[in-house]
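Commentary on secondary and tertiary structure
Okay, here's what each chain looks like letter by letter:
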Amino acid sequence: MDQGIIIDLTIQGLIFPGLFFIIFLIIFTQWIYRKITARIQYRRGPCYTGPLGFLQPFTDFMKLLLKEDVVTRYSVKHIPIVLASIGLGSLIAILLLTPLSPRPFYGDYDIIILFYLGLWSSLAIFFIGLAAPNPYISLGIGRYMALIISSEPSFIASFMVPAIIASRFFNIDYSFYKASILSHRLWTIDPFSTISMALAAIAGFIALMGILEIRPFDFPEAEGKIYWGLFTEYSGPRLALGFFILFTERIVFPLLYVMLFLGGSWPVDITINYWAGFLIIITKFILLFILLTIIDNVMPRLRPDQGIRILWKYALTPSLIALIISLI
Amino acid sequence: MSGYVFDQYMLVLIVSLASFMVGFVVYIIFYYMFHKLYGSKIRSDSRLKEEIVIRGLEYSEEVLSVPVTKIFLDVMKRSLRSLHDIMTKELGTRVLNDWFAWMLIMLTLIIVLAMLMR
């Protein structure tokens, strides 16, 4: 492989749009999340650390990292940390396949690779939970398995729809990068594409809420009911890494949704004017994130069986219908 | 379109390399470095820290881990009751507990989708 490609891969993976950019976005989005949550609950939210309390999420993250690493005598010690790191790496590597990268890495059928990378974070969360035996964690993991098995197929099916339509009409061979460049045109090709895109957008949004454990689908954690579900036994740096994965998921998956269903960089062509296109994608993402935050704050939590039923009815079924319509 | 175009095999290799590289840096900086520099120095040994969180109650090792698959199946059974009843009673099968049957369903789905997409 060319040395220049390796250097570019390293720079993009570690700095922009990779690790450091994601850390900045986590700080920014968590600050927004806390401010909105506080306003909904008639509080002020973070105010003291940094301008307008902007650095409070970073301070909390550092506080967890600097704590003692406590594990119970029944827990697996090192493997959860390694898998959490790989899960994070996979999530961040997804951004290298998208137009957010100034020099993206792409090819035919790269959407399959993107789904493969996306699954790693869920597997990492599974393993983090299973590595620390506790009845509350077992309950959380069982619920999380049901949630992921119900929302992941609808997420994949609905995100396949734009790629299928783009491949049929623009001959792009299931490339996520190319589909996201053309995504604003996919809504209006013909009536079938409009219907399938609309169905897939609705199903994809509900599945997205499921994967991100946005209320009403937050039953795997269910604070107060099953302690903290998956993270009951975790504290310090282990909890920090768990949060790191969850918060990164809340950035990467909505970004993918923006790029496929909300027109991506439209009205600007990101291949011509990168920074304008980049700013438009980030603006759309922030708006979507605010919407998800408001939903997370105003919705009640459903019982696991109610949540799973909703996902099968209103996410999986429409996404499969959309998939079939897009193939006609 | 600018960027790097690869075939599928090379792309999998490259993104896997990127994943492991970023994961390695995360592990070194956000766990190992902080742990070595700070976390290990403030360590205080206590028998209590090694116990699990179970509302302060005494516990036996047998109750530490509830079978996760049973919880998963219970959630699925409650949420898709009619489908579960059809599969277990009408078809007379224990398909929901059978990983081979699950994989067979997945394979059938993939074949049907592949034929539709042809």
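The present account deals with the structure reproduced in this document. Small disclaimer: the values here were computed from a predicted structure and weren't measured. (Residues numbered from 1 in each chain as written. Chains lettered and ligands numbered in written order. Predicted model: local features only at pLDDT ≥ 70, side-chain atom pairs only at ≥ 80, totals over all residues.)

1. Let's talk about the overall build of chain A
- Within chain A, the secondary structure is distributed over 11 helices and one strand.
- For chain A, the N- to C-terminal ordering of α and β elements is α-α-α-α-β-α-α-α-α-α-α-α.
- Relative to its length of 328 residues, chain A is compact, with a C-alpha radius of gyration of 20 Å against a globular reference of 20 Å.
- The C-alpha extent of chain A, read off along each of the three principal axes, is 55 × 45 × 45 Å.
- Put simply, 77% of the contacts in chain A that link residues at least 6 apart link residues at least 24 apart. (Helix = DSSP H or I, 4+ residues; strand = E, 2+ residues; numbered from the N terminus. Rg over C-alpha atoms; globule rule 2.2 N^0.38 Å. Contact = placed C-beta atoms within 7 Å.)

2. Considering helix α2 (residues 19-40) of chain A
All names here are of chain A.
- With 22 residues, α2 extends 31 Å between its outermost C-alpha atoms, agreeing within 8% with the 32 Å of an ideal straight helix rising 1.5 Å per residue.
- Considered for burial, the residues of α2 that qualify are Leu 19, Ile 22, Leu 25, Ile 26, Thr 29, Gln 30, Trp 31, Tyr 33 and Lys 35.
- Just downstream of α2, Tyr 42 is the residue with a positive phi angle, here 55°. (Expected span 1.5 Å × (residues − 1). Buried ≥ 20, exposed ≤ 12 C-beta atoms within 10 Å, placed from the backbone.)

3. Some remarks on the interface of chain B and chain A
- Facing 49 residues of chain B, the contacting portion of chain A comprises 61 residues.
- For the side of chain B that touches chain A, the secondary-structure elements that each account for two or more residues are β1 (4-5), α1 (8-39), α2 (68-79) and α4 (99-117) of chain B.
- Residue contributions to the side of chain B that touches chain A peak at 20 residues, all from α1(B).
- Looking at the side of chain B that touches chain A, its residues break down into 34 nonpolar, nine polar and six charged.
- Direction of pairing for strand β1 (residues 105-106) of chain A relative to β1(B): parallel, over a ladder of two bridges. Paired with A:Phe105 across the two strands is B:Tyr4, which belongs to β1(B). (Nonpolar A, V, L, I, M, F, W, Y, C, P; charged D, E, K, R; others polar. Pairing = 2+ DSSP bridges.)

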